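# Descriptive structure summary
What follows is each chain in one-letter form.
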Amino acid sequence: MVQKQLKIGGLRGFMSKLDEAEQRLQRAVAGLEEAARAVTSSAQSAVSEAAISAAAPDTSVAAALETAQARNAELEDVNTVIAQRLDGAITRIKTILED
């Protein structure tokens, strides 16, 4: 490849393309390093916030949990009633079809 470049564009053209490629690579590496720093910083912030939240539980979270648990119990009761009704309907349909 180097020999081909020397014949076509000369050493100057080859070095120019090589320099451009090196600059693109350096910009890409710099971008990756910046992204890694941002992710690391963000992760450290999240860990710090989690530690603070764990140290002092939020009353609104506890209230939301209680509400969700109560709603879950209501839905389980409704589910039981509906399952019983469906079982009854299935039994009646089977009886009708067997006759």
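Computed from a prediction, not measured in an experiment: that's the story for all the values here.

## A word on the overall build of the protein chain
Of regular secondary structure, the protein chain possesses three helices and zero strands. In the protein chain, which comprises 99 residues, the share counted as buried stands at 1%. As displayed, the protein chain offers around 8,800 Å² of accessible surface, 61% of which is attributable to carbon and sulfur atoms.

## Notes on a nonpolar patch on the surface
Together, Val78, Ile82, Leu86 and Ile90 make up an exposed nonpolar region whose accessible area comes to about 340 Å². In this structure, Ile82 sits in helix H3 (residues 59-98).

## Quick word on the confidence of the model for the protein chain
Taken as a whole, the protein chain shows an average pLDDT of 79; of its residues, 77% reach a score of 70 or greater. No element of the protein chain has a lower mean pLDDT than helix H1 (residues 2-8), at 55, and none a higher one than H3, at 89.

## A closer look at the pattern of salt bridges
Counted according to the given criterion, the structure contains one salt bridge. We note a salt bridge from Arg71 to Glu74, for which the minimum N-O separation is 3.4 Å. On the criterion of helical spacing, the pair formed by Arg71 and Glu74 is a turn pair, its members being three residues apart in helix H3. Classification of Arg71 as partly exposed rests on a relative accessible area of 47%. Overall, Glu74 belongs to the partly exposed group, its relative accessible area being 45%.

Criteria and thresholds
Residues numbered from 1 in each chain as written. Predicted model: local features only at pLDDT ≥ 70, side-chain atom pairs only at ≥ 80, totals over all residues. Heavy atoms only, no water. Helix = DSSP H or I, 4+ residues; strand = E, 2+ residues; numbered from the N terminus. Buried < 20%, exposed > 50% of the residue type's maximum accessible area, 1.4 Å probe, protein only. Areas by Shrake-Rupley, 256 points an atom, 1.4 Å probe, with all protein chains shown as cover. Patch = residues over 30% accessible without salt bridge, like charges linked within 9 Å, V, L, I, M, F, W, Y side chains within 5 Å. Salt bridge = Lys/Arg side-chain N within 4 Å of Asp/Glu carboxyl O. pLDDT = per-residue confidence, 0-100.

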